[in-house]
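Summary of structural features
The primary structure of each chain is shown beneath.
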Amino acid sequence: MSTDTTPDNAGVTTLTPAVVIVGAGPSGLSAARELAPRVRGEVLVLDRESAAGGIPRHSDHPGYGIRDMRRFMSGPAYARRLVEQARAAGATIRTNATVTGWAGERTLEVTTPQGRLRVEAGAVVLATGARERPRPGRLIPGDRGRGVYTTGHLQNIVHLQHGKVGRRAVIAGAELVSWSAALTLREAGCATVLMTTEYPRPDSYALFNIGGRAFFRPRIATRTRVSRIIGKPDLRAVEIENLDTGARRIVECDTLVLTGDWIPDHELARAAGITLDPGTKGPLVDSAFRTDRPGVFAVGNLLHPVDTADIAAIDGARAARSVLAWLNGGSTPDGQVRLVAEAPFRWVTPEVIRRGDPAPARRRLLLWSDRFIPFPRVVLRQDGKVVARKRLWWPASPGRVFRVPSIMLASVNPRGGPVSIGVED
Amino acid sequence: MSTTDRNRTANGDASATFDVVVIGAGIVGSAIARKLAGHELSVALLDARDDVGDGTSKANTAILHTGFDAKPGTLESRLVREGYHLLSDYAERTGIPIERTGALLVAWTDEELEALPGLKEKAERNGYDRTEIIGPAEVYRQVPHLGEGALGGLTVPDESVICTWTTNLALATDAVRRGVTLLLNRRVEAVEERGGTTVLRTTGGDVTTRWVVNAAGLGSDVIDRMFGHDRFTVTPRRGELLVYDKLARPLADKIILPVPTSRGKGVLISPTVYGNVLLGPTAEDLTDRTDTGTSEKGIAFLLEKGRKLMPELLEEEVTATYAGLRAASDHSDYVIDADARRRYVLAGGIRSTGLTAGIAIAEYVAGLAGEAGLELVPREDLPEPPRMPNLGEAFPRPYQDAARIAADPAYGRVVCFCERVTAGEIRDAFRSPIPPAGLEGLRRRTRAMNGRCQGFFCGAEVGRLLESRGACVPHENREHGGERRSPEARR
Ligand SMILES: Cc1cc2nc3c(=O)[nH]c(=O)nc-3n(C[C@H](O)[C@H](O)[C@H](O)COP(=O)(O)OP(=O)(O)OC[C@H]3O[C@@H](n4cnc5c(N)ncnc54)[C@H](O)[C@@H]3O)c2cc1C
Ligand SMILES: Cc1cc2nc3c(=O)[nH]c(=O)nc-3n(C[C@H](O)[C@H](O)[C@H](O)COP(=O)(O)OP(=O)(O)OC[C@H]3O[C@@H](n4cnc5c(N)ncnc54)[C@H](O)[C@@H]3O)c2cc1C
């Protein structure tokens, strides 16, 4: 396959890779690593950042690579490893390359300092990740004071730019990413005076629950939300509210980090008219990571906002097989069953199950729970009947992905109606 | 006045005695300074803030009004009508983004439906005869995503949306290019008459001038009293707004207006030239003239209104919330008047239409000042108005412009991903005649960090460019994939 690199009259250069992957985070790079040696033609990874690696690049603490690399490493080291692997496998990675839209079914428009590109690919993999909802999206009223960040913003400042934040911080959220924010603040010389969570108990991984808490001992206010931002031009304090009593009080701080509350970066998917799942707000996919646009696949936190990086990476590696099958002219099995989440679950992915497709990655369905349940009894219903029921020996907990063995789908009728997934108390 | 004097730009030199000082570098003051500088006069444009356009002119609903619903016979009605055409032409020449979306007034109750013929007639009395009353079927054909229960509507095909930031900046830049001295960081705290001149005592030192124009918006009544008048009081009327993500734009291709009632103009939905959708504003009288914060009540009120107007809109992400303060006054019209004895002109009470009317107000003010004795000799050698960087989605933006990127790679380096702002545009802002003083000013000039991530991805990079004033030095660390430098090495 040849790649045309001369600009046309309008100054646009057309590239024709076999596969284009949008996003050089863990999921996109892992897909590239698996695809590059197996595909005839180029595997091109595009990322808008000036360095490849995705979020782990600026998540400078250990906790990466556990399930995919079987190692325990820091975010930047993990990102470097993924980039090296993808490059060694023969993938082309272009940074400073922002995909801005579509010019056809599998044709992308891209802006780079080297010029405008038109990328006509045989297959497209969307691996654009997720971001935290910032203050406006959370509708927190008050002043527009400086000193309000998301974790991503904070870590960019501290780990990539070596910039300064304040001295006294409140962290909204007490989940995995919130502890990551606390670590970053500590490195930046900023004390965490309070963490708030709207849930009755803080949640995070065991690592942080034991190590983290003993280490930091920040105060955690449960059932609490930030109700107002005070101070301009610089943040002076936040008002917090107890959700049960309605009591409010002022906490002085010059830094507020809004953590969690994820939203996938689904702009390209939406621009393509790809069907989204109202729960995840990411593209609706089957267990082979197909979206409903032929030859367009989606992986990583774009699908499940937000799981750990290793899971995103495993998505990418698994999706490579489906991409290969598509490129080799393989067809999608007929018939599908829709999987829908029922409260307390907010979403489930994959959303579509087809007989004949590979099992979901790691034989797990991924779900998000809005309630803490120590040992949930998960129930699947189809056409008014219970088709599977199983008690799981791990908790469903808000703020992290809940995993359900996909073997529970074995008795689903592939020609039946939608399957709901919920819990029985 | 010599050419060197005239070319003295935004350096802030206030040692000479000016012919005219305009207080307030909002849209109204900037338009007035620009207009006066078209004459053989030395003019200064003075503001308390560190940037132009940092008052009410930065936070409004950005609609270019036809004036169809003004109070007929008022000065406001006339100047809005004239301003509509003047600003349309000026936008064309300077590249201020405008979209001719048109508006639709929607009646939700029988009472509102009955008010439509009266509104049509009022529009005609205001010199606008292109409105049309339409039935519910046509309302839903024009705005398919409107909430249920609309009974009918009135079309206003010429209502448009414009970029208020670029408008203010274009007028101020034009003024500076015409030789106006920009005096920022100077709050006027007292005035003193001294032998045929007025000395403005400001937080940045004294400024001496023969004539003064008061276009101080929310502060105009206070300044007016310094000149010995007692004719009006400004009440800050807060308007809070929600800005929805660009992905919501297909829902609202038109301005959707409520039928005005005795309780005010009500909540509207409007597309923006940046491709977003606005929901607002509220109307709440305050006493604090600086309280541009948002409130819990305001947001709840807007959500409740929005749920009825367009439930689908509420499913979309809110990417910004803000509040602006209208300079409402106890007069039901603009308060524009010249005081020949004090060589002083007031342009006050410019409440909720000043963006549209600004240029017409400037024409009117110049006329009044001339009648009151300010000598107005037109200049022959006026520079062309500036071509402004385009912030509008309806026109090509640098990131899309292959030829421009080929000529200058900085336009191909996207820094703010959500708004697709390039390093080239940020650099240009710092090299422009009125460079930004801080992040807020940079946002108004480029849209950087105005998008859905609010800095999650780009915040640090934009901050760095702010510090280097747009210089694109590649960050060593970024080239290495965020390689860790130990904290010790940094200390
Ligand atoms: C603060 C924080 C701490 C974390 N800590 C841990 C941890 O300890 N352990 C762990 O396993 N996980 C952790 N995670 C989660 C982990 O970072 C993510 O699961 C992982 O990065 C997801 O990978 P991804 O490939 O789906 O997306 P991302 O890593 O988000 O990568 C997406 C990439 O797509 C690019 N992109 C998006 N749109 C475009 C476009 N239009 N054009 C070009 N490029 C585009 C982006 O620039 C980005 O590089 C943490 C996350 C955060 C935010
Ligand atoms: C919510 C809202 C929605 C609106 N929607 C629209 C609309 O859709 N269309 C429209 O045409 N209009 C609209 N308006 C009105 C419009 O924004 C205003 O009429 C216009 O911006 C007024 O401009 P200005 O120059 O008079 O005031 P400002 O922009 O407020 O400028 C006044 C300046 O004076 C300075 N100043 C004040 N006191 C002093 C002092 N003592 N010394 C030195 N400087 C001083 C201030 O710093 C400020 O920069 C809206 C207003 C609001 C609040």
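Scoring rules and cut-offs
- As a convention, each chain's residues are numbered from 1 in the sequence order in which they are written.
- Lettering for chains starts from A, numbering for ligands starts from 1, and both go in the order in which the items are written.
- Side-chain atom pairs in this predicted model are given and counted only at pLDDT of 80 or more, local residue features only at pLDDT of at least 70, and totals for whole chains, interfaces and linings cover all residues.
- To get the side-chain values, all heavy atoms of the structure are used, and hydrogens and water are removed first.
- By definition, any uninterrupted DSSP run of H or I lasting at least four residues is a helix, any uninterrupted run of E lasting at least two residues is a strand, and each is numbered from the N terminus.
- Atoms counted for the radius of gyration: C-alpha only. Globule rule: 2.2 Å times the number of residues to the power 0.38.
- Here's how the labels work: a residue is buried when its accessible area is under 20% of the maximum for its type, exposed when over 50%, partly exposed in between, all with a 1.4 Å probe on protein chains only.
- Each salt bridge in this description consists of a side-chain nitrogen of Lys or Arg and a carboxyl oxygen of Asp or Glu lying within 4 Å of one another.
- Buried Ala, Val, Leu, Ile, Met, Phe, Trp, Tyr and Cys residues form a nonpolar core when they are joined through side-chain atoms within 4.5 Å.
- Being near a molecule or strand, for a residue, comes down to having at least one heavy atom within 4 Å of it.
- Under the rule applied, a polar contact is a pair of N or O atoms within 3.5 Å (in protein, one hydrogen donor and one hydrogen acceptor; residues adjacent in sequence only if both atoms are side-chain atoms).
- The Shrake-Rupley method, run with a 1.4 Å probe sphere, supplies the accessible areas, and residue values consider only the shown protein chains as cover.
- For this classification, Asp, Glu, Lys and Arg are treated as charged, while Ala, Val, Leu, Ile, Met, Phe, Trp, Tyr, Cys and Pro are nonpolar and the rest, including Gly, are polar.
- Segmentation of the chain into domains, including their bounds, is taken from an automatic or database domain assignment.
- To obtain each axis, a line is fitted to C-alpha atoms, and for helices this fit is confined to the stretch in contact; angles are then taken between N-to-C directions over 0 to 180 degrees.
- Small angles under 35 degrees read as roughly parallel and large ones over 145 as roughly antiparallel, with 65 to 115 read as roughly perpendicular and the rest as oblique.
- By convention, the crossing between two helices is left-handed when the near helix turns anticlockwise from the far helix through less than a right angle, and right-handed when the turn is clockwise.
- For this analysis, residues touch if any pair of their heavy atoms sits within 4.5 Å.
- UniProt positions are given in the numbering used here, feature names are shortened, and annotations may be inferred rather than shown by experiment.

A few words now on the overall build of chain B. Counting its regular elements, chain B contains 15 helices and 22 strands. Taking 2.2 N^0.38 as the reference for a compact globule, 491 residues should give roughly 23 Å; the C-alpha atoms of chain B span a radius of gyration of 23 Å, in line with that estimate. The principal-axis extent of the C-alpha atoms belonging to chain B is close to 70 × 65 × 40 Å. Counting the 491 residues in chain B, one finds 61% classified as buried.

This model, assessed by the stated rule, comprises 73 salt bridges over all chains. Of the charged contacts in the structure, one is a salt bridge between Asp 357 of chain A and Arg 290 of chain A, with a shortest N-O distance of 2.9 Å. Taken together, the residues span a long stretch of sequence, with Asp 357 of chain A in the loop between β24 (352-353) and β25 (364-369) and Arg 290 of chain A in the loop between α7 (267-271) and β21 (296-298) at a distance of 67 residues. As far as burial versus exposure is concerned, Asp 357 of chain A and Arg 290 of chain A are alike and both buried. When the shortest N-O distance is used, the salt bridge between Glu 99 of chain B and Arg 249 of chain B registers 3.1 Å. One end of the pair, Glu 99 of chain B, is in strand β4 (residues 98-99); the other, Arg 249 of chain B, is in the loop between β13 (234-244) and β14 (255-258), and 150 residues separate them in sequence. In this pair, the class of Glu 99 of chain B matches that of Arg 249 of chain B, namely buried. Among the charged side chains, a salt-bridge network with shared partners connects Arg 225, Arg 228, Glu 239, Glu 241 and Arg 248 of chain A together with Glu 296 of chain B.

Another aspect to go through is the nonpolar core. By size, the foremost hydrophobic cluster in this structure holds 61 residues, and its most contacted members are Val 19, Ile 21, Leu 35, Val 43, Leu 108, Val 119 and Leu 126 of chain A. Residue contributions to this core peak at seven residues, all from helix α8 (residues 309-327) of chain A. Core analysis: the second largest hydrophobic core is formed by 57 residues, Leu 41, Leu 45, Leu 87 and Leu 182 of chain B among them.

Residue and element names in this part refer to chain B. Taken together, 39 residues sit near ligand 2, with Asp 47, Ser 57, Thr 61, Ile 63 and Thr 356 positioned nearest. Contact between ligand 2 and Thr 61: a nitrogen atom at 2.7 Å from a side-chain N or O atom of the residue. Thr 353 is positioned with one of its backbone polar atoms (N or O) 3.2 Å from an oxygen atom of ligand 2. The protein chains hide 96% of the 1000 Å² of surface that ligand 2 would expose on its own. Looking at the shell around ligand 2, the elements that each hand over two or more residues are α2 (27-36), β18 (318-329) and α9 (354-371). Class assignment for the residues of the shell around ligand 2 results in 16 nonpolar, 17 polar and six charged. Shared between two domains, the shell around ligand 2 holds at least three residues of each, these being domain 1 (3-57 + 165-233 + 331-372) and domain 2 (99-159 + 237-327).

Residue and element names in this part refer to chain A. Around ligand 1, a shell composed of 34 residues is seen, among which Ser 27, Asp 47, Gly 63, Asn 301 and Asp 307 lie nearest. Contacts to ligand 1 include Arg 48, whose backbone N or O atom sits 3.1 Å from a nitrogen atom. Against a free-state accessible area of 990 Å², the protein chains account for coverage of 97% of ligand 1. Of all the elements in the fold, those that place two or more residues in the shell around ligand 1 are α1 (26-35), β4 (62-64), β7 (98-104), α4 (151-160), α5 (176-187) and α8.

All names here are of chain A. Following both chains from N to C, one finds α1 and α8 inclined at 40°, their axes separated by 7 Å at the closest point. By the angle between their directions, the pair α1 and α8 is classed as oblique. The two elements α1 and α8 meet at a crossing, and its hand is right-handed. Residues Pro 26, Ser 27, Ser 30, Ala 31, Arg 33, Glu 34 and Leu 35 of α1 lie in contact with α8, whose contacting residues are Ala 309, Ala 312, Ala 313, Gly 316, Ala 317, Ala 320, Val 323 and Leu 324. Class assignment of the residues belonging to the contact of α1 with α8 gives a composition of 10 nonpolar, three polar and two charged.

The UniProt record marks residues 414-467 of chain B with the feature "domain: BFD-like [2Fe-2S]-binding" (unreviewed entry), using the residue numbering of this structure. Taken end to end, residues 414-467 of chain B comprises 48% helix and 9% strand; its first and last C-alpha atoms sit 18 Å apart.

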